[in-house]
Every structure is written in C-alpha cells, then in structure tokens.
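Okay, here's what each chain looks like letter by letter:
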Amino acid sequence: MADHNDPNAVNSIFSDIDVSAADLYDLFGFPSRDTEKGEHVVIALTFASVPSAGVLDPDMLYRIRMVAEPRVVPPAAGDHSLQALLRYFEALKDKYLGPLKTSEIRVNVDSSNNATIRFINFPGSTFVKTLKTNEEVVIDAPNGSAIKAYIGGRDDAFFNDLTGFFRSINYAPQFYHVPHTMTEARELKIPKTLLELEGNDLFNYDPKFPEWGYHGVKKDLPSGPLTWTGNAFRKDANGNYRFVYSGIDCQAGKNVNAIILEIPLKFITTAPNENRIVNTWGESWVLKAANKVETIPDHPFWLEHPLALTDAFRLDDELKRYKLVDTDGQPFADAALSEREDSRQMGANNFWLAPHFIKRLAHLGWGFGPSISALGLETSFDHDNSPVSVHKTYALVTEAFPRVRKTLFQKLNMADSTWNPKGIDIPLRRPLEIFVPNVCAIDMDTTGTWPFGRRLEDQVATRFLSMFLDMEAEFKGKKYHIELLNDQSLWDHAPIEPKTPPNPLKNDKDFLQDFPYLAEPWQR
Amino acid sequence: MTKRTDYEIELDRIDRAISELEQDASTLPIDAEKATKLVYLHYQHASLRGDLAELARVETALNAAIREIGPAGDLYFLKANLDFKLHRLTAVRQDLETGRDLKNSAQGRSLQADLDFQDGKFQEARSGYETLIAEEPTWDNLARLAYLKFKLGDFAGAERCYIEAENELTAKQMRHYAWVELQRGVLHLRSGAYEKAWNRYRIADLAYSGYWVVSEYTAELLGAMGKFDQAIELYRKIIVHVGRPEFQQALGELYHCLGQPEQAEAWYEKALSAYLESAQRGEVHYYHHLADFYSDVRQDGVQAVKWARSDIALRRNFSTLAALAWALYLAGEFSEALNTIDEALSSGVADAQLFFQAGTIYQAANGNGKGSEYLRMAAEINPHYHDFHTHR
C-alpha cells in the first residue's frame, strides 16, 4: 500500500506502557539509630510499582551509587559572588567527574521475580547475591559486614499535595487534557505563585468542581489564550488570599516498589571516622531492545551461577546494554528546578546545570517571593517589593544571580537542635550545597533529616519552599527555619484560606520503627 | 498449549484497553482524553493487523471525534498519519494547518519533512530530520533519515542511522525494534546480500514474534533467493490473515516464477479486482500498484500510463516519475519516457530498479550508450536486481 517510509511513530504517541517502572520517585537516606554493631546507613530508593507492587520489571536495572567523604568545604564565608559560586561548582565537578570512584549497588530481577543484587567497588568487596523479593534478608559480605536488604512492594513513603504544587507552577497536564503534540502547554506562562491570582481561571480552585486536578480529574483544554493578564492576588470577601495548596496527601493509598538497604558504614568506607558524609543517588536503566533479543530465549546460566558473572562480565559493558532513564538524588531537584525535562535528568553529574539552576531558581523566586511577602513574611528573594507574582525568565545567569544571591547563600536554619544529637560543630546547609550535585548527602553525625540526608518523616515539599523564606527574619521571636511553613500556628493567623500547611504533616501509614522502615503495601 | 506470540499478546492488550475505554469514552460529556486515546487504540489495532477495512472504520470514528472535540492537535496528528498512509498528501497539508499547535510541534515537523520527501525535496527533508534529531534523537526520526539516505544511495549512512535508531529503542519497544531490523535487512536485500538480509529478518522475528510484516519481508526474500515454494507457502499463510491485494499480486508473481501461470492468473485477478474496487471507491492509495500491475504483470502500457498519471497528480517524486516513465516505455512513448525518467534521475536517487528502468528506456530511445551505463550502475548497486521483488 505504501511505497514510503513508515516508522509507525504514531503508535508511540500514546505510550505502550502508561507508567514506567523506570520512573524513580524518591531516595531516602539517613543514619540508622541502631549502632550496637557499628554505624549503619539506611538507603531506600522507591519507584513506580510496575507491573505491580511487589513485582519488579525484569527489563530494568536499578543502581544506587554512593561515595563517602569528609564534609565539603563550601565557598568562603562572605564571598557571595557569582564567580565564587561558579568556582565552587567547578571544583565539585572536577571532584565528581575526576578520579573519585563511586561504589554502587545494582539490582535487577529475573522473570520469576527473584532479585540479583551486586555490590561493586566497595572497599575490598565486589560480590553478588541472589535473593527473594518482598522478604527481609541479611546479606553477609565477604568482609564480614551484615547488610540488610528488602526489595519489593511497600506503601509510598512520600506524602504531599502534588496537585497544589502543580497549581503553584501552573502545570497544565495536571488539570487539563493537554494533547501530546502541544509540548509548549506544560508549565504555562503564568506567574508561579503560592496564592491564587485574581482572574487566573485556568488554575484557580473551582468550588463547583472540588475534585479538579486530583485523582486524574481533568478538564478539556480551553481554546482561548493560555495566559493570565491580571495584576493582583485573589482575595475573598473577608480579605483572605486563597492558598494554591490544600494540604491533601495525593499519595495516600499508593504503593511503590522499593530497594531498601541498611549498610554498615565500614562497608562503604575504610575510614568511617573521617568520611562522615555518605553521598548517594539512584538511577534507573532500561534494557535496550537489541539486548533484549540476545536474552531470547532466557539464558539461566548467570542467575544460577551469579558469582561467575562478575568474572565473566566487564561491568561497564553491562551498562552499555541499558539506557539511563531517570535519576534521583535530591527531592525537587528535577521536578521543581529542572522543569521536569527528561534531558535534564542528569543525576549527580548535573554540574553543567548550575547556571540553569540559578536562572530557574530566580524564575521560581519571582513567583514565590511576592506570595511570601503578601502573607506578611520575609523572603530571601529580591523581587523589588512586587505586589504580585511575576512571570519572568532569564537568558543570562548574571542577571538572575543578584535576585537569588541570598536564597542561594543563606543557611537553612533548623527548627531545633534535634537534628544534631551529638551537638558537634556542623555547618547549616545552604541551597547551593544541597542541589549541586544532585545527591542525597547523608551526614552520619546528624539524624539525617533533610537537608542532612532525608528521613521518611521529613515533609520535604514544604521544606523546599522554605528556601524562599528569609532565614534572618523572626517569627514569634525565633529565626525562620525549614519547618516554619509546617507550623499550623503560622497559618492560623495568616490572611489565607484554607488555613493549612501546604502539605500533609505525616504519611498516610505509620512508618516502621525498624527495618525496612517503609510501611507494608496496601492490599488491593 | 502453544506459547502466544508477541503479536498476539499486543493485539490482546490493545483489545483489552479498547474494552476498558469504550464505555467511558461514549458517556456524555465526552472525555476528550479518553476519546482520543480510544481512537488511537483503534488505529493501532487496525495498523497492527494491516486491515484496510478496519482502518476505514477508524477514519469514521476519528472524524466523529474531531466533530465532538474540535481540532485537537493529537487527533489531527492521527488524521495526518492516516491520510499519509493512504497517499492523500493534500489532506496531510491541511491537517497540519488545522490541528491546534500541530504544525510547529515535533510531530508536525516530522510529518512536514516526510511531505518534503514525498515531494522530492530531499534537501528540505534531510534538513528537517536533522534539525529534529539534533533537538532530540528519537528512533523514528533517525529511521526517517536512514530511509532518505538509503534512497539516495548512501547505504552505509543509512545503516549508521538505523543502528542509532536501534540504540534509542528499549525492551519496551520491541515491535519498533523489529521494524528497524527489517529496514536494515532491506538495505542488504537491495544490495543483493541475501544472507545478511536473512539474518536481520531472523532477529526481527526473535524480537517480536508472530508479526505478519516480518513474514512478508521474509517471503519476499525467499522469492529473491529463488525459493519460490517456500515463499508461496509463506504468502499463502499471510493472506489468510491479511488479505491485501499487493500480497495477492506477489503470490501471483511467485506462481509465475514457478511456471504455474493458471495459479498465477487466479491471484492476479483477485489483486486487480481489489485494486480497481479501491479506486472506484475514490481511494487513491493503490494507484501506484495499479501502474505497477499493468506494467509488470499485464505489460499493458496504456493502462499503466493512465494509473501512473493519476498517481503523479497526487505526488510528483522519483518513485511516481519512474513508474510513469516505465509505463510510457511499455506504451511505446519513448520520447516522453526518456524525459520522465530523466526527471526521476535528477532527484539524485540511487536505486538499482530505477537505474535498470533508465537503462532499458535509454537503450530503446537513444543509442548514445547511456543505457548500458545505467544498467552497469544498477548491477553495481545490486547484482541481483532482476530477482523477484515486491511492490512495497
């Protein structure tokens, strides 16, 4: 019928696989409270429960990479110039992309859902184990270390008002049926904001349609211009603003698949007393089609003889068989700071994104900064006292940088001293140190609460917003801190509806006190 | 119990997805996303089965969806693809203009480059593909560029692009991978390297089992290798499930090669009836086959010219020009045949079949020696260019 080329691409527009097992959700990392047999670090990588919770996709390879090192020395105090910042990023890049060698854990499953876990380039130990999924196991490493592992389905440990976040950035696909061909209609060119904008009918809460934007409930994309032309925040008859957030947990009742590990620090580094920071990040890789053919029919040899595998395979060659799809280190490093573009899923090696990070932060700041000011709070972002959020993008980092200087360099105050149980001299972290590189940097001398790692109970979505607060300002006689926006008393007195912290304060299921920490999966 | 093939599993998956969506999509008010997805699923189903009648029903459903939902880019993208598949290039241009934000989308620009290719604007097509690939190296645009290079005689460049396309494909896209493997096989087939083509086709079959498209390519290859019995057996199996006239014509030609003219004629008649019925319904996508049929099977130059002119009115490119030139040659219109084949050659396409036709026309119309030169060029590309081949 056709004497022309027909690559059938049209069949790809609605993907064959709606939710991909490659979609990484979160990376958690914190020191274990159980130190009886030495220090341990807990790392949990969660991802889409595809094909189902407890059943992993055999075409996937998951990597958890890690390296322990002493605390990084940030740019010199007082030198808050763009040059100093870029020099700092450059030094980090040399370190990460240079001689630094990371250790890693690779996990995949066979068609019977049995997992193979490989520990690679750990000090003195590279070895392989096969284990059953959905069971807690203890892996005895060749150097005598006992590593706890769980690979399988769990409750989704993330709890946040994802719809509220998408409303704050005017992300159309959460609210509208956006045609796949309309790639420009993602984040619409409307100011980002924490407070609804007067006349922003494209995104403002619709009291006649309260479910809108939740549970996949969407409207058809209107035919008119996808813009906003107003000049004020919306206020109700009582003079209250309308919060874009509702505090609803959009992840409630959802399951994930997870790789959860509790690893002795001495297994990760030979100098656990010096290397107090465990940097870790996760990656998902999907088997390339060409290599799938090679595995037809299934060749059971390497699963039956896993130890032979490490000898027979050169591991870099193994990765060539896969395609990197997703990376996860810091929460919101991708979703909020990289515009959710797949091409920017660069993981720890996101140094080249540093200038973009600054420009994106300024873009967000023009949205969130005026919102914070309108609520009577102090912001770290310089928005020239704008009375309303502004949609502004930057081509030049030199123009963006002065706006976000304080946001980038300010120390993020902690709510109290519980994060530092040993009471030792640990500098507070600053946004510039947190997001580049995109790793979860677990400080073993802390509890590992964000940004010193990430604990399951951390409300990181709200803590992320606190970057835009001025940490020198005070609320009720106390310096602003990363938990301030989680404080109900703040909202009780704010001119806003609903009077709620932006995101839920706890998970829908209680976390476990002991390994594997994440709650049991929901039964369907 | 026989293990289900990948093809059967995918058809079943689409069937289930259609069943799940069908109730929701028909309730009022129309859910645009579900309705769009449903019509895409129907299109995928029809395409996968190669069923033209089903494709016609999809078109009806698509038009109904457009009436309900409006000029959504996704729907018009599907419409444009459907029109393209059926050689309605004017309609494709209109679709690109009508679909909301479609023309400047990546998908719309790919289609525009395909249109340029069909119009013989190879430089524009190449530039379009290369720009899209620079933005994002998707497998389908790499395959498009590969095909363009193949047609321009750059077999090595085409192979590189196909390999790059495969490198973008994952284990979740095995049908696409099989398709690219088939195209790599065609590169070998059209250079006369049958064993290499066979190996690529085997990989395609391993990658995505039970696919009639793989069988059809394999049947052609068996014919080219002179294994007419096996080719016939395979085509007969394909036709049971996908009764398309071009396959019936191929089967007839294979019987002809086997020295069974009565069997051949029976299949020829079926093919011709179907081609003509299609044309009578106002469809245009078999014009090219009708021109080829009257040229190669009936050797009826007058009829061949008629259909070739109809086809060229829709799309003037090296392929339609060569078909017309060959028809004119068979009709004894040597002078016009010569002018027409010259226009086809001026496109820059390097294809053994084109050079064979040019050589033959030149030898009949002009004794300047160019005929021998073109025949030599044909043999240089494919020393077996006379072997059996299908009209794809």
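Being a predicted model, the structure only gives us computed values, none of them experimental.

(A) Region of the structure containing the overall build of chain B. Looking only at helices and strands, chain B features 21 helices and zero strands. Computed over C-alpha atoms, the radius of gyration of chain B comes to 21 Å, within 12% of the 21 Å expected from 2.2 N^0.38 for 392 residues, which places it in the range of a compact globule. Sequence separation of 24 or more characterises 48% of the internal contacts of chain B that already satisfy a separation of 6 or more.

(B) View of the sheet that holds strand 9 (residues 136-140) of chain A. Residues and elements named next belong to chain A. Overall, antiparallel pairing links the five strands, which are arranged 1-2-14-10-9 in an open sheet. Of all the strands in the sheet, the pair left with one neighbour each is strand 1 (24-31) and strand 9. Averaged over all adjacent pairs, the angle separating strand axes in this sheet is 15°, with direction ignored.

(C) Summary view of the nonpolar core. Leu45 of chain A together with Ala146, Ala178, Tyr235, Ala325 and Ala327 of chain B are the most contacted members of the largest nonpolar core, which has 159 residues in total. With 11 residues, helix 18 (residues 318-330) of chain B is the largest single contributor of residues to this core. Once residues within four sequence positions are removed from consideration, Ala325 of chain B is found in contact with Ala337, Thr340, Ile341, Ala344, Gln357 and Ile361 of chain B. One finds Leu188, Tyr245, Leu432 and Leu469 of chain A within the second-largest nonpolar core, a separate group that totals 68 residues.

(D) The arrangement of the interface of chain A and chain B in detail. Contact with chain A, which involves 35 residues of that partner, is made by 47 residues of chain B. Elements with a minimum of two residues in the side of chain A that touches chain B: strand 15 (277-287) and helix 4 (289-294) of chain A. Examining the composition of the side of chain A that touches chain B, we find that four residues originate from one element, helix 4 of chain A, more than from any other. Partitioned by chemical class, the residues of the side of chain A that touches chain B number 16 nonpolar, nine polar and 10 charged.

(E) Spotlight on the pairing of strand 2 (residues 40-47) of chain A. All names here are of chain A. Counting buried residues along strand 2, eight of its eight residues qualify, which places the element largely inside the surrounding structure. Burial along strand 2 is two-sided: the residues His40, Val42, Ala44 and Thr46 and Val41, Ile43, Leu45 and Phe47 are all buried. Two strands pair when backbone bridges link them, and strand 1 and strand 2 are joined in this way by seven bridges, in the antiparallel orientation. The partner of Pro31 across the bridge, within strand 2, is Val41. Summarising the sheet, strand 2 and strand 14 (residues 255-264) pair through eight bridges and their orientation is antiparallel. Bridge assignment links Val42 to a residue of strand 14, and that residue is Glu262.

(F) Region of interest: helix 16 (residues 287-297) of chain B. Residue and element names in this part refer to chain B. Most of helix 16 sits inside the fold, with nine of its 11 residues counted as buried. For helix 16, every residue scored as buried is listed here: Tyr287, His288, His289, Leu290, Ala291, Asp292, Phe293, Tyr294 and Ser295. Tucked inside the fold, the buried residues of helix 16 contact helix 14 (245-257), helix 15 (261-280), helix 17 (301-314) and helix 18.

(G) Structural context of the confidence of the model for chain B. In the predicted model, chain B carries a mean pLDDT of 94, and 98% of its residues have values of at least 70. Reported for the predicted complex are a pTM of 0.87 and an ipTM of 0.86.

(H) A look at the domain arrangement of chain B. Residue and element names in this part refer to chain B. Domain annotation for chain B reports domain 1 (1-104), domain 2 (123-210) and domain 3 (306-392). The C-alpha-based centres of domain 2 and domain 3 are spaced at 26 Å. With six residues of domain 2 in contact, the opposing surface of domain 3 contributes nine residues. Across the side of domain 2 that touches domain 3, the residue classes tally to one nonpolar, three polar and two charged.

(I) Structural detail: helix 12 (residues 212-224) of chain B. Residues and elements named next belong to chain B. Under the 1.5 Å per step criterion, the end-to-end length of helix 12 is 18 Å for 13 residues, consistent within 8% with the ideal 18 Å. Elements that come into contact with the buried residues of helix 12 comprise helix 10 (174-189), helix 11 (194-207), helix 13 (228-241) and helix 14. Where helix 12 ends, the next residue or the one after it, Gly226, has phi of about 85°, a positive value.

(J) How the structure looks around the pairing of strand 16 (residues 322-328) of chain A. All names here are of chain A. The element strand 16 is largely enclosed, with a buried count of five among its seven residues. Relative to strand 16, strand 15 is paired through six bridges, and the arrangement is antiparallel. Residue pairing in the sheet places Gly282 in a bridge with Asp328 of strand 16.

(K) Just the packing of helix 8 (residues 139-151) of chain B against helix 10 of chain B, in detail. Residue and element names in this part refer to chain B. The geometry of helix 8 relative to helix 10 is characterised by a closest axis approach of 12 Å and an angle of 10° between their N-to-C directions. The angle between the axes of helix 8 and helix 10 places the two elements in the roughly parallel class. Facing helix 8, whose interface residues are Trp139, Ala143, Ala146 and Phe150, helix 10 presents His176, Val180, Gln183 and Leu187. Residues that form the contact of helix 8 with helix 10 fall into these classes: six nonpolar, two polar and no charged.

(L) A look at unusual backbone geometry. All names here are of chain A. The peptide bond linking Glu497 to Pro498 adopts the cis configuration, its omega dihedral lying at -10°. Relative to the helices and strands, Pro498 is located in the segment after strand 20 (496-497). With an omega of 10°, the peptide bond running from Phe515 to Pro516 counts as cis. With respect to the helices and strands, the residue Pro516 is situated in the segment after strand 20. Positioned with a positive phi, Asn170 is a non-glycine residue whose angle comes to about 55°. Located in the positive-phi region is Asn385, a residue other than glycine, with phi close to 55°. With respect to the helices, strands and loops of the structure, Asn385 is situated in the loop between helix 8 (354-374) and helix 9 (397-409). Residue classification places Asn385 among the exposed residues on the basis of 8 C-beta atoms within 10 Å.

Procedures and definitions
- Just so you know, the residues in each chain are numbered from 1, in the order the chain's sequence is written.
- For naming, the first written chain is A and the first written ligand is 1, with later ones following in the order written.
- Owing to the predicted nature of the model, reporting of local features is limited to residues with pLDDT of at least 70; listing and counting of side-chain atom pairs is limited to 80 or more, with chain, interface and lining totals taken over all residues.
- Numbering of helices and strands runs from the N terminus, with a helix taken as a DSSP run of H or I at least four residues long and a strand as a DSSP run of E at least two residues long.
- Note that the radius of gyration is over C-alpha atoms, with the globule rule given as 2.2 Å times the number of residues to the power 0.38.
- We call two residues in contact when their backbone-placed C-beta atoms lie within 7 Å.
- Strand pairing is assigned whenever DSSP detects at least two bridges linking the two strands.
- Axis angles are defined between N-to-C directions and span 0 to 180 degrees, where every axis is a line fitted to C-alpha atoms and, for a helix, only to the segment in contact.
- Think of a nonpolar core as buried Ala, Val, Leu, Ile, Met, Phe, Trp, Tyr and Cys residues chained together by C-beta atoms that fall within 7 Å.
- Burial in this document is a count-based property: other C-beta atoms within 10 Å of a residue's C-beta are tallied, and the residue is buried at 20 or more, exposed at 12 or fewer, or partly exposed in between, with C-beta positions derived from the backbone.
- Note on residue classes: Ala, Val, Leu, Ile, Met, Phe, Trp, Tyr, Cys and Pro are nonpolar, Asp, Glu, Lys and Arg are charged, and everything else, Gly too, is polar.
- Confidence scores labelled pLDDT are given residue by residue by the predictor and lie between 0 and 100.
- Each domain span listed reflects an automatic or database assignment of domains.
- What a helix should span is 1.5 Å times the count of its residues minus one.
- An angle counts as roughly parallel when it lies under 35 degrees, as roughly antiparallel when it exceeds 145, as roughly perpendicular when it falls between 65 and 115, and as oblique in every other case.

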